[in-house]
Amino acid sequence: MALLEGGAHARLQDRQRSGLDMLLRLAEPWLPPDEPDETPPQLDWRSGRWPLIVVLCVQAVLSARLIWANTAFQDEGLYLWAGHLELSHLFNGTKIPAFGTYFSGAPVIYPPIAAFADSAGGLAAARLLSLLFMLGATALLWGMTARLFGRRSAVLAAALFALLGPTQLLGSLATYDAMALFLMALAAWCAVRGRYNEDSAGWMFLSGTALLLANITTYATILYDPVVIVLAIMAARPAPGMRRALTRGGMILVHVTVAIVVLAAATGSEYRIGLSGTTLSRAQGVNSVLSVLMSAAQWIGLLTALALVGVMLSYFGRSRFLGRPTVPVLAAAVLLAPIEQARIHTLVSLDKHLDLGAWFAAAAAGFALSRLTRSRTRVARAVVAASICALLAVSAYLGATQATVMANWPGSAALIAKLRPLTDNSGRFLAENPSVEEYYLPDTSWRQWSSTTSITTPSGSIQNENGKLASYINAIRIHYFSLIVMDFRNTPDLDARLIHEMRNERHYKLVATVPFGHGVAGDYQIWRWLKHPGTAK
């Protein structure tokens, strides 16, 4: 009897070992062996491609589901419309607004590129372009992290970044954020690519060039220039040495600084006004510091926690020369955007700016998870592997939910259908933020549109009114606008006062009330001057 019980116990242990072996075998492709931090990793694309390819496919699916989910967002309409005007100005000399004075990036970089894509395949093609940029950023994160910490860390870092809500969202929006993030990632990858080379001047030049392009694509990336420069320095330690390391960082710094100074002098005051107003001296918002930090925690709190674990683990084991200085730098990058936006009390574009720092922090988080897999026992390795799988599943769910919520803005399909026949004749139009209308109604001219922050004069000059009630009431009383569209979202108080004025003035009529659509509560109101050509008497 005892022999039978002993045999059953042995069979049970065999089954347990077999189960652990199976789990480890399943996890092994996703956790390729790390290389020591102090020696050049033997990167072989063929041996490490499948985990990365799967990560990129998952990222593509998560972002692609949002590409056809809604009509153009306000920022998308603005950049695509501006891009078409920039192309018309370039090829035909058409007069255009001074976009550089209020764009947070050079209007001659991303908008024309996106406009080409839009001309080829509409809004979906422009959004797919952003998805390609985001997939490229993930691949570059894999490449940089693999050279710093090994392929295991690289795969985990790429997965963590790809599953973030901001990453999914930026891959589905036709805005310059995805292009800027890709260029910043390229700069960081080039800074690390020449890590073991005695002479890496070429890589540093490429890094500085990519960083410069990122900076002028969107000025917000300037905040991360020091991170790329420090990475170039840290990647050269302990070999080829501190002198070469400092030289590499200095090359990138001088390259970017000199180029920016030259460009600022060459482009005149327009871009300097835009850089100052949107980035360097941005107006204070109304959001509290706590609300900014809490919102950031909702987006990237888990990644930030893992990056901090990576900082602690970098002080143990064999990571003394590279891990100790590099992991803290990567982790600290994720705090830059929340701190900066808390300083100016604004939540505007926080989700987009967070993803810039999250790209660096994902490498630190991947490093942390990789270190946790270095257990001596089978049971511990199996538990860690299962925990990582669960963590990635939770990240995917949270990221997909967040991206879906953020992509839920008012649809404009029904509104444009109503406006198209109303804008066929000449006239001047007022909307809270007319960028979407201007994008979807290309037969109208930019000279015809005004917003609740600025009025476009017949000569084409734009008067910044900053929501001054008196200016708009006077324009209504002289019937300057033949069509007015209100949605009570950006300037609800001003909208209500203007509608009250139109009702009292009695020469404007509410011709349509259009529901927002896409599950968002609210309506567009379309008011028309009664004596506008084509109005029924």
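Treat the numbers as computed from the prediction; the structure is a model and nothing was measured. (Residues numbered from 1 in each chain as written. Predicted model: local features only at pLDDT ≥ 70, side-chain atom pairs only at ≥ 80, totals over all residues. Heavy atoms only, no water.)

S.K.: Could you give me a rundown of the overall build of the chain, with the residues and numbers involved?
M.R.: Check the secondary structure of the chain and you find 20 helices and seven strands. Within the chain, counting contacts between residues at least 6 apart in sequence, those at least 24 apart form 74% of the total. Surface accessibility of the chain: about 23900 Å² in total, with carbon and sulfur atoms responsible for 64%. (Helix = DSSP H or I, 4+ residues; strand = E, 2+ residues; numbered from the N terminus. Contact = heavy atoms within 4.5 Å. Areas by Shrake-Rupley, 256 points an atom, 1.4 Å probe, with all protein chains shown as cover.)

S.K.: Report on the confidence of the model for the chain, specifying residues and quantitative values.
M.R.: Overall, the prediction assigns the chain a mean pLDDT of 86, with 87% of residues at 70 or greater. Overall, residues 1-6 carries pLDDT values under 50, and its contacts beyond four positions in sequence, including any with other chains, amount to zero contacts. Residue range residues 22-42 is modelled with pLDDT below 50. Its contacts to residues more than four positions away, or to other chains, number 53 contacts. (pLDDT = per-residue confidence, 0-100.)

S.K.: Run through the packing of aromatic side chains, naming residues and quoting values.
M.R.: Within the structure shown, the criterion is met by 16 aromatic pairs. For the pair Phe99 and Phe103, a centre-to-centre distance of 5.2 Å together with 45° between the ring planes defines the contact as tilted. Since its relative accessible area comes to 0%, Phe99 is described here as buried. The buried category is assigned to Phe103, whose relative accessible area is 2%. One aromatic cluster is present, built from ring pairs that chain together Tyr79, Trp81, Phe99, Tyr102, Phe103 and Tyr176. (Phe/Tyr/Trp six-rings, centres within 6.5 Å; stacked < 30°, edge-to-face > 60°. Buried < 20%, exposed > 50% of the residue type's maximum accessible area, 1.4 Å probe, protein only.)

S.K.: An account of the sheet that holds strand 7 (residues 520-529) is needed here, citing residue identities and associated values.
M.R.: If you walk across this open sheet you meet the five strands as 2-1-5-7-6, and the pairing is mixed. Because the sheet does not close on itself, it has two edges, and the strands there are strand 2 (449-450) and strand 6 (508-517). With two bridges connecting them, strand 1 (residues 429-431) and strand 2 associate as parallel partners. Within the sheet, the bridge partner assigned to Phe429 lies in strand 2 and is Trp449. (Pairing = 2+ DSSP bridges.)

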